[in-house]
Amino acid sequence: MATLLAPCALAVLAYMTGLFLVALGRKDNSVADVGWGFGFILVAALARVLGPASGARPLLVDGLVLLWGLRLGIHVFLRNRTRGEDFRYAKWRSSWGRWFVVRSYLQVFLLQGLILLVIAAPMVLVHSAPGPPLGLLDAAGAAVWLLGFFFEAVGDAQLARFKRDPAHRGRIMTEGLWRLTRHPNYFGESAMWWGIFLVALSAPRGALALVSPVLLTGMLLRVSGVTLLEKKYEGRPDFAAYARRTSAFLPWLPKRP
């Protein structure tokens, strides 16, 4: 695994540095969000070219990551085209002052690259050594991944359609999948990587891949996802009412008013 991880790390370093330079030119650190999904495709491609393993399992994992990364990257690119820099990055741009460029490179792009490498652990593992034929764990992993892909893709589409209607300006999305969880897209992304972990579990040393969904889920819940985004809505009575009846993360039937 170490011999495969080193070239992947160098490629991610170069990739994130390139994204940083683009963001610097555009004065928009949201470029990091656009590049997130495509970065995993880069790691998958390198692992496929350089890794000794072949067969159905690496092909399955690569296919799942390719589909996820392309959809997410294109979605975020289209979403960000006209809305400007994300409020989180705009806040840091203001608060970091003269250290903004250095801190952006270290705390946004390089840190995100490191996190990307850790989350990509299942891909590196399945390409590092031949494993047994596909089995029940692989089927279970693919099923969990499909559930997650459904929640992320459909949740994003529902929110985009909701925001396109001028009558919804300033309102909170509470219908469709957003009726079952306040963050169907975050739940979906987490579920997909739990699914990929299940697929990787049958590979040699596959249990090491547990770090991937644990880190991603923790970040979505406590760092860059649910917690940070919901601070934006603090003090709004409509959001408070929505939060009281709707699960924060795991899909569940809403509570009665």
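Use the structure listed above.
Residues numbered from 1 in each chain as written. Predicted model: local features only at pLDDT ≥ 70, side-chain atom pairs only at ≥ 80, totals over all residues. Heavy atoms only, no water.

Chemist: Would you mind showing me how to read the overall build of the chain here?
Modeler: If you tally the helices and strands in the chain, you get eleven helices and zero strands. Scaling as 2.2 N^0.38, a compact globule of 257 residues should have a C-alpha radius of gyration of about 18 Å, and the chain matches this with 19 Å. Expressed as lengths along the three principal axes of its C-alpha atoms, the size of the chain is roughly 55 × 50 × 25 Å. Restricting to contacts in the chain with at least 6 residues of sequence separation, those with at least 24 account for 81%. (Helix = DSSP H or I, 4+ residues; strand = E, 2+ residues; numbered from the N terminus. Rg over C-alpha atoms; globule rule 2.2 N^0.38 Å. Contact = heavy atoms within 4.5 Å.)

Chemist: For this particular structure, what's the right way to read the pattern of salt bridges?
Modeler: Where charged atoms from two side chains of opposite charge come close, those side chains can pair. Under the criterion given, the structure shown has ten salt bridges. Here Glu 152 ties to Arg 71 by a salt bridge, and the two come within 3.3 Å at their closest N and O atoms. Placement of Glu 152 in helix H7 (residues 136-164) and of Arg 71 in helix H3 (residues 56-80) is noted, with a sequence separation of 81 residues between them. The same class applies to Glu 152 and to Arg 71, which are both buried. (Salt bridge = Lys/Arg side-chain N within 4 Å of Asp/Glu carboxyl O. Buried < 20%, exposed > 50% of the residue type's maximum accessible area, 1.4 Å probe, protein only.)

Chemist: Just to check I follow, could you spell out the nonpolar core for this structure?
Modeler: One recurring pattern in soluble globular proteins: nonpolar side chains tend to sit buried together. Grouped together as the largest cluster of nonpolar side chains are 56 residues, with contacts concentrated most on Phe 40, Met 123 and Trp 193. Here this core gets nine residues from one element, more than from any other, and that element is helix H8 (residues 184-200). When near neighbours in sequence (up to four residues on either side) are disregarded, Met 123 contacts Phe 40, Val 43, Ala 44, Ala 47, Val 61, Val 65 and Trp 193. One finds Phe 162, Ile 172, Phe 239 and Tyr 242 within the second-largest nonpolar core, a separate group that totals six residues. (Core = buried A, V, L, I, M, F, W, Y, C linked by side-chain atoms within 4.5 Å.)

Chemist: Whenever I open this one, the packing of helix H2 (residues 31-50) against H3 confuses me. Can you help?
Modeler: How two helices sit against one another is set out by the angle between their axes and by the gap between those axes. Remark: H2 packs on H3, axes separated minimally by 7 Å, with the N-to-C direction vectors making an angle of 155 degrees. The angle between H2 and H3 places the two elements in the roughly antiparallel class. The crossing of H2 and H3 is left-handed. The residue inventory of the contact of H2 with H3, partitioned by class, reads 16 nonpolar, four polar and three charged. (Axes fitted to C-alpha atoms, helices over the stretch in contact; angles between N-to-C directions. Parallel < 35°, antiparallel > 145°, perpendicular 65-115°, else oblique. Left-handed = near helix turned anticlockwise from the far one by under 90°. Nonpolar A, V, L, I, M, F, W, Y, C, P; charged D, E, K, R; others polar.)

Chemist: Please explain a nonpolar patch on the surface as it appears in this structure.
Modeler: The grouping of Leu 66, Leu 70, Ile 74, Phe 77 and Leu 78 at the surface amounts to a nonpolar patch, some 440 Å² of accessible area in total. Mapped onto the elements of the fold, Leu 66 is located in helix H3. Under the relative-accessibility criterion, Leu 66 is labelled partly exposed at 40%. (Patch = residues over 30% accessible without salt bridge, like charges linked within 9 Å, V, L, I, M, F, W, Y side chains within 5 Å. Areas by Shrake-Rupley, 256 points an atom, 1.4 Å probe, with all protein chains shown as cover.)

Chemist: Would you mind going over the environment of Lys 27 with me for this structure?
Modeler: Looking at where Lys 27 falls in the secondary structure, it is placed in the loop between helix H1 (2-26) and H2. Between the C-alpha atoms of Lys 27 and Glu 234, which are 207 residues apart in sequence, the distance is 28 Å. Apart from residues no more than four positions distant in its own chain, Lys 27 is found in contact with Glu 85 and Arg 93.

Chemist: Can you walk me through the side chain of Arg 57 in this structure?
Modeler: As for its placement among the helices and strands, Arg 57 is situated in helix H3. At 3.3 Å, the side chain of Arg 57 and the backbone oxygen of Val 199 are in polar contact. Residues in contact with Arg 57, not counting those within four places in the same chain, are Val 126, Gly 131, Pro 132, Pro 133, Leu 134, Gly 135, Asp 138, Val 199, Ser 202 and Ala 203. (Polar contact = N/O pair within 3.5 Å; in protein donor to acceptor, adjacent residues only side chain to side chain.)

Chemist: Looking at this structure, how should I read the side chain of Glu 152?
Modeler: What makes Glu 152 buried here is its relative accessible area of 2%. There is a polar contact of 3.3 Å between the side chain of Glu 152 and the side chain of Trp 68. Dropping the residues within four chain positions of it, Glu 152 is found in contact with Trp 68, Arg 71, Leu 72, Pro 184, Asn 185, Gly 188, Glu 189 and Met 192.

Chemist: What should I look at first to understand the packing of H3 against H7 in this one?
Modeler: Two elements in contact, H3 and H7, have axes separated by 11 Å at closest approach and are oriented at 5 degrees. Classed by the angle they form, the pair H3 and H7 counts as roughly parallel. Together, Arg 57, Leu 60, Leu 64, Leu 67, Trp 68, Arg 71, Leu 72 and His 75 of H3 and Asp 138, Trp 145, Phe 149, Glu 152, Ala 153 and Asp 156 of H7 make up the contact between the two elements. Tallied by class, the residues present in the contact of H3 with H7 amount to eight nonpolar, one polar and five charged.

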